[in-house]
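What follows is the residue order along each chain.
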Amino acid sequence: MSKSQELFEQAKTLIPGGVNSPVRACLSVGVDPIFIDSARGSRLTTVDGDELVDFVMSWGPMLLGYGHPEVNAAAAAAAAKGTSFGAPCALEVEMAKAVVDAVPSIEMVRMVSSGTEATMSALRLARGYTGRSKVVKFMGNYHGHSDSFLASAGSGLATLSIPGTPGVPAETVAHTLLAPYNDLDAVKALFAAHGSDIAAVIVEPCAGNMGLVLPADGFLKGLRAVTEQYGALLIFDEVITGFRVSFGGAQKRFGITPDLTTLGKIIGGGYPVGCYGGKREIMERVAPSGDVYQAGTLSGNPVAMAAGLATLRLLEQADYGALERRTVKLVDEMTGLFMEKSVPVTVNTIASLFTVFFTREEITDFDSARKADGERYASFYRQMRANGVNLAPSGYECSFTSFAHTEEDYDHFLDAVSKVQF
Ligand SMILES: *Cc1c(COP(=O)(O)O)cnc(C)c1O
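Since the structure is predicted, the reported quantities are computational estimates derived from the model, not experimental observations.

Counting 59 residues, the largest nonpolar core has Phe-243, Met-334, Phe-380 and Phe-413 as the members making the most contacts within it. Going through the elements one at a time, helix H2 (69-81), helix H3 (90-102), strand E4 (108-112), helix H11 (302-316), helix H12 (320-340), strand E12 (353-357), helix H14 (374-386) and helix H15 (407-419) are the ones with two or more residues in this core. Considering each element in turn, this core owes the most residues, nine residues, to H11. Not counting residues within four places of it along the chain, the set of residues in contact with Phe-243 comprises Leu-63, Ala-102, Val-103, Gly-249, Leu-263, Ile-266, Ile-267, Leu-312, Leu-315 and Tyr-320.

In the segment running from Ala-287 into Pro-288, the intervening peptide bond is cis, with an omega of 10°. Examined against the element boundaries, Pro-288 turns out to sit in the loop between helix H10 (280-283) and H11. The backbone of Ser-58 sits at a positive phi, close to 60°, despite the residue not being glycine. By relative accessible area, Ser-58 is classed as partly exposed at 37%. For Ala-351, which is not a glycine, the phi torsion comes out positive at approximately 50°. With respect to the helices and strands, the residue Ala-351 is situated in the loop between strand E11 (346-350) and E12.

Residue placement: Val-103 occurs in the loop between H3 and E4. When the C-alpha positions of Val-103 and Asn-387 are compared, they lie 39 Å apart, and in sequence the two are 284 residues distant.

Here we come to the environment of Tyr-181. Take Tyr-181: it is sitting in the loop between strand E6 (176-179) and helix H7 (184-194). On the accessibility criterion, Tyr-181 (2% relative accessible area) is buried. With 108 residues separating them along the chain, Tyr-181 and Ser-289 place their C-alpha atoms 35 Å apart. Here Pro-205 takes part through its backbone oxygen, which lies 3.2 Å from a polar atom of the side chain of Tyr-181. A polar contact is formed between the side chain of Tyr-181 and the backbone nitrogen of Ala-207, at a distance of 3.4 Å.

This paragraph deals with H15. Between its terminal C-alpha atoms H15 stretches 18 Å, which fits the 18 Å expected from 13 residues at 1.5 Å a residue. Listing the buried residues of H15 in full gives Asp-409, Tyr-410, Phe-413, Leu-414, Ala-416 and Val-417. Down the axis of H15, the buried set is contained in an arc of 160°. They therefore lie on one face. Those residues of H15 that are buried lie in contact with strand E2 (43-46), strand E3 (51-54), H12, E12, H14 and strand E13 (389-390).

Per the UniProt record, "modified residue: N6-(pyridoxal phosphate)lysine" (unreviewed entry) is found at Lys-265. Locating Lys-265 in the fold gives a position in the loop between strand E9 (260-263) and strand E10 (274-278).

In this section: the site of the ligand. The full set of residues close to the ligand is Ser-114, Gly-115, Thr-116, Tyr-142, His-143, Gly-144, Glu-204, Asn-209, Asp-237, Val-239, Ile-240 and Lys-265. With respect to the ligand, the backbone of Gly-115 contributes an N or O atom lying 2.9 Å from an oxygen atom. Here Asp-237 contributes a side-chain N or O atom positioned 2.7 Å from a nitrogen atom of the ligand. Against a free-state accessible area of 380 Å², the protein chains account for coverage of 83% of the ligand. Split by residue class, the shell around the ligand holds three nonpolar, six polar and three charged.

Here three strands make up an open sheet; going across it, the order is E11-E12-E14 and the pairing antiparallel. A strand with exactly one partner marks an edge of an open sheet, and here the two such strands are E11 and strand E14 (399-400). As judged from the two bridges shared by E12 and E14, these two strands associate in the antiparallel manner. Looking across to E14, one finds that Leu-353 is bridged to Phe-400. Sitting on the sheet, H12 is in contact with E11 and E12, with an inclination near 15° to E12.

It is worth spelling out the packing of H2 against H11 at this point. When two helices pack together, their arrangement is given by the angle between their axes and by how far apart the axes lie. Between H2 and H11, the least distance of the axes is 8 Å, while the angle of their chain directions is 155°. Between H2 and H11, the angle is such that the two are roughly antiparallel. Seen along the crossing, H2 lies across H11 with a hand that is right-handed. Note on element contacts: H11 touches H2 through Pro-302, Val-303, Ala-306, Ala-307, Ala-310, Thr-311 and Leu-314, opposite Glu-70, Val-71, Ala-74, Ala-75, Ala-78 and Ala-79. Tallied by class, residues from the contact of H2 with H11 come to eleven nonpolar, one polar and one charged.

With 21 residues, H12 should reach 30 Å at 1.5 Å per residue; the first-to-last C-alpha distance of 30 Å fits that figure. Where H12 is buried, its residues touch H11, E11, E12, H14 and H15. The distance from a side-chain oxygen at the start of H12 to the backbone nitrogen of Gly-321 is 3.3 Å, and the residue carrying that oxygen is Asp-319. In the stretch just after H12, Ser-342 is the one whose phi turns positive, near 55°.

With that settled, consider the pattern of salt bridges. By the definition in use, this model includes 14 salt bridges. Put simply, Arg-224 and Asp-259 hold a salt bridge, and the shortest N to O gap is 2.8 Å. Of this pair, Arg-224 sits in helix H8 (residues 219-230) while Asp-259 is found in the loop between helix H9 (250-254) and E9, placing the two residues 35 residues apart along the sequence. A single salt-bridge network, built from bridges that share partners, covers Arg-224, Glu-228, Asp-259 and Lys-279.

Turning our attention to the side chain of Glu-397. Locating Glu-397 in the fold gives a position in the loop between E13 and E14. One buried charged residue, Glu-397, forms no salt bridge at all, with the nearest opposite charge on Lys-265 at 7.0 Å. Contact partners of Glu-397, with chain neighbours within four places excluded, come to Val-23, Trp-59, Ser-155, Gly-156, Thr-159, Gly-208, Asn-209, Gly-211, Thr-355 and Ala-392.

Here is what the cut-offs are and how they apply
- Residues numbered from 1 in each chain as written.
- Predicted model: local features only at pLDDT ≥ 70, side-chain atom pairs only at ≥ 80, totals over all residues.
- Heavy atoms only, no water.
- Core = buried A, V, L, I, M, F, W, Y, C linked by side-chain atoms within 4.5 Å.
- Buried < 20%, exposed > 50% of the residue type's maximum accessible area, 1.4 Å probe, protein only.
- Helix = DSSP H or I, 4+ residues; strand = E, 2+ residues; numbered from the N terminus.
- Contact = heavy atoms within 4.5 Å.
- Polar contact = N/O pair within 3.5 Å; in protein donor to acceptor, adjacent residues only side chain to side chain.
- Expected span 1.5 Å × (residues − 1).
- Arc of directions from axis to C-beta.
- UniProt positions renumbered as here; feature names shortened; annotations may be inferred.
- Near = heavy atom within 4 Å.
- Areas by Shrake-Rupley, 256 points an atom, 1.4 Å probe, with all protein chains shown as cover.
- Nonpolar A, V, L, I, M, F, W, Y, C, P; charged D, E, K, R; others polar.
- Pairing = 2+ DSSP bridges.
- Axes fitted to C-alpha atoms, helices over the stretch in contact; angles between N-to-C directions.
- Parallel < 35°, antiparallel > 145°, perpendicular 65-115°, else oblique.
- Left-handed = near helix turned anticlockwise from the far one by under 90°.
- Salt bridge = Lys/Arg side-chain N within 4 Å of Asp/Glu carboxyl O.
- Lys, Arg positive; Asp, Glu negative; His and termini not counted.

This is the structure in structure tokens:
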């Protein structure tokens, strides 16, 4: 047995499924997970000493690569001064300013410790602010694991084919109205039927949790218009897209201004951070300036703030255009290799994100994403891993490039693709 296998066997006796987050178990790709010992730049080293070029990057946070020296130094310096105070510190103000400066729609922001907390809190605020209960959510979008969002959700739920989950009261999800992604008419119909009860529409402006699915022309703009018409809030869940699709997020790239935005992943620079923010008038309803309660013992944690700030400062100077062009080139070359093998494939990409769907159909929503050949993805994943490349262990996730990936990494990736047998 390898060390990874030994650890996994032990883990399964101690942790449900042996993992602390379901997709990590690699169930849908039919292999055991590998345990990681360390990571640097674009590369993971397993507990068995194998090196993998990584295209998961901790599911997005590591846009600068693993172990960036300036991020590590900032976190270490903060830790040396104290790891948690339970009282305000200067880094929180700096971080808030950095987020407000970068993200067009955010005038005030509240830090939390995960994307789940960010979306859960944003929904509570939207409900408190509008005095309404219902929320429109798109099938295949994932907004973390709080109760209201666990209906037809993407990510691990899509991977494991879990439409909903025991433990969520029917009354709670009854307030969650579902529409197909990119289907503006369906959203309009929901508003026509329930308009005065809808507090918010929440959307991943580029969907990343049913694989990557891009917004159709006019979709986000249409959501902006219909929410305004009915006095509902528009929430952009930018936990993946924030600081990735552009430095100011998808909203900056597409020129749409949501009322509230949730961020996570990248803003923590590898530490547990999320945040929600938006218009001052709405954010001032959050306690203690307002009456909508939300709190956190480790919120605004100084080590996480320092790592996040260092990350944002570096990203502000980074050449997003170059990384996007490099990613497009990789995707084009990979698609060429699939065509040589006559493998039907659709690869969606934007910025430093891509997903390989094994089907010739265009992927525009959860239904079309589900038509991709999951068995073929599983085989692709296993062979790529055997050839030293780590991809998302599910066809319903994105793969990620980063500023740390080198030409050698991309060559390695393409070489591995060319060896895959279908
Ligand atoms: C990852 C993710 C979340 C949840 O964030 P966690 O930090 O895992 O709780 C929410 N929304 C989107 C779009 C995500 O990709």
